[in-house]
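# Observations on the model geometry
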Amino acid sequence: LGTQLPSGFGGVAAGASVSHAIHREWWLLGNLAYAGKFNFDHSEFSTGTVDLSAGLRWNRGPNALIALAQGQSFNVDNTQYRRSFGGTAQWLHNLGPRQQLTVYGQFATLRYPDQAPRDANRAIGGLAYSQAFEGPYLPVAFISGYAGEERDVNDAFKYLGFTPAGVRLGGQLTLHPTVVGFGAFGYEHRTYRGTEPLFLTTRRDNQYDLTVGLNYVFTPKWTLRPQVAYTRVVSNIELNTYDRTVASVALRRDF
């Protein structure tokens, strides 16, 4: 059975990005990032993620189009657990000086070197809207909705695939010229594609995520970020029901 195991953790992350104009309307984009999480009490669950992306951005008037090729390697206990390759496309449209609409689509192949039955292809499409407001604290708000499918490569294990659909909303407040508070809420429903062989039913999950925190720029290029994130998953298969709370403080240096 699944067992909850509390643990303190530390982490390190680093990244570099480039945006290079090749024409007055065209830009080359690139990004490389690493994030590691190291559990103090259960090191076998420590993780590391490497992300790489490259592509193009086109701007004209209130519109922008972005197309990126993406790759990721996700390791658990210093062993590759999953790798993915794919891409994303976005259309951004400024409805006004403080309003933006985004339409996006993503596709990725997910491959598990030691668990081939979990290999899948994932496609997601969504719509997002954000707006900045005038007045005290300069509030900014956003809302987005999405849906898609994660389809298992081997139909003998189609109960591992699912169709997600969800919504996210949140925003931020400028509490002080150096302090910005933020919060976000997310909900996702997942219906799985086949009957679980051990439980003889089709799995359905509801996931709720809540995050609150602060960004404090205490000196130029240095940011302190305390935050608390809570996740609750409710499943019709009780074994898959859980909750998780993560409190963290991150220190960031921009170059």
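Scroll up for the structure.
Keep in mind that what you see is a predicted model, and the values were worked out from it rather than measured.

The rules behind the values
- Residues numbered from 1 in each chain as written.
- Predicted model: local features only at pLDDT ≥ 70, side-chain atom pairs only at ≥ 80, totals over all residues.
- Heavy atoms only, no water.
- Helix = DSSP H or I, 4+ residues; strand = E, 2+ residues; numbered from the N terminus.
- Rg over C-alpha atoms; globule rule 2.2 N^0.38 Å.
- Buried < 20%, exposed > 50% of the residue type's maximum accessible area, 1.4 Å probe, protein only.
- Areas by Shrake-Rupley, 256 points an atom, 1.4 Å probe, with all protein chains shown as cover.
- Lys, Arg positive; Asp, Glu negative; His and termini not counted.
- Charge placed at Lys NZ, Arg CZ, Asp CG, Glu CD.
- Pairing = 2+ DSSP bridges.
- Salt bridge = Lys/Arg side-chain N within 4 Å of Asp/Glu carboxyl O.
- Core = buried A, V, L, I, M, F, W, Y, C linked by side-chain atoms within 4.5 Å.
- Contact = heavy atoms within 4.5 Å.

Counting its regular elements, the protein chain contains 0 helices and 13 strands. Compactness check: the protein chain gives a C-alpha radius of gyration of 20 Å against a globular reference of 18 Å for 255 residues, within 12% of the reference. If you line up the protein chain on its principal axes, its C-alpha atoms span 55 × 40 × 35 Å. Buried positions account for 25% of the 255 residues belonging to the protein chain. Accessible area for the protein chain stands at about 15,800 Å²; split by element, carbon and sulfur atoms hold 60% of it. Charge-centre separation for the protein chain: the mean point of 23 positive side chains lies 7 Å from the mean point of 19 negative side chains.

Bringing the pairing of strand β5 (residues 79–96) into the picture now. As judged from the 14 bridges shared by strand β4 (residues 63–76) and β5, these two strands associate in the antiparallel manner. For Gly71, the partnering residue across the bridge sits in β5 and is Phe85. Once β4 ends, the chain turns through 2 residues before running back antiparallel as β5, passing Asp77 with a positive phi of about 55 degrees. Direction of pairing for β5 relative to strand β6 (residues 99–111): antiparallel, over a ladder of 13 bridges. Across the sheet, the residue bridging to Asn94 is Gln100, located in β6. The hairpin turn running from β5 into β6, its antiparallel successor, is 2 residues long.

Now for the pattern of salt bridges. If you walk through the whole model with that rule in mind, you get 10 salt bridges. With a shortest N-O distance of 2.6 Å, Asp205 and Arg203 are connected by a salt bridge. Neither residue differs from the other here; Asp205 and Arg203 are each classed as buried. A salt bridge links Arg252 to Asp254, with the shortest nitrogen-to-oxygen separation between them at 2.8 Å. Note on Arg252: relative accessible area 53%, which makes it exposed. The exposure class assigned to Asp254 is partly exposed, which follows from its relative accessible area of 28%. One network of salt bridges, with partners in common, ties together Glu188, Arg190, Arg203 and Asp205.

Of all hydrophobic cores here, the largest spans 5 residues; its members are Leu29, Ala64, Ile66, Leu68 and Leu92. A total of 3 residues in this core trace back to one element, the largest contributor, which is β4. Other than its neighbours up to four places away in sequence, Leu92 contacts Pro62, Asn63, Ala64, Ile66, Gln100, Leu101 and Thr102.

With that out of the way, let us pick up the environment of Pro177. If you trace the backbone, Pro177 turns up in the loop between β9 (162–176) and β10 (179–196). Spatially, the C-alpha atoms of Pro177 and Ile143 are 25 Å apart, while their sequence positions differ by 34 residues.

What follows deals with the side chain of Glu196. Turning to its location among the elements, Glu196 is positioned in strand β10. This buried residue, Glu196, is left without a salt bridge; Arg203 holds the nearest opposite charge, at 4.5 Å.

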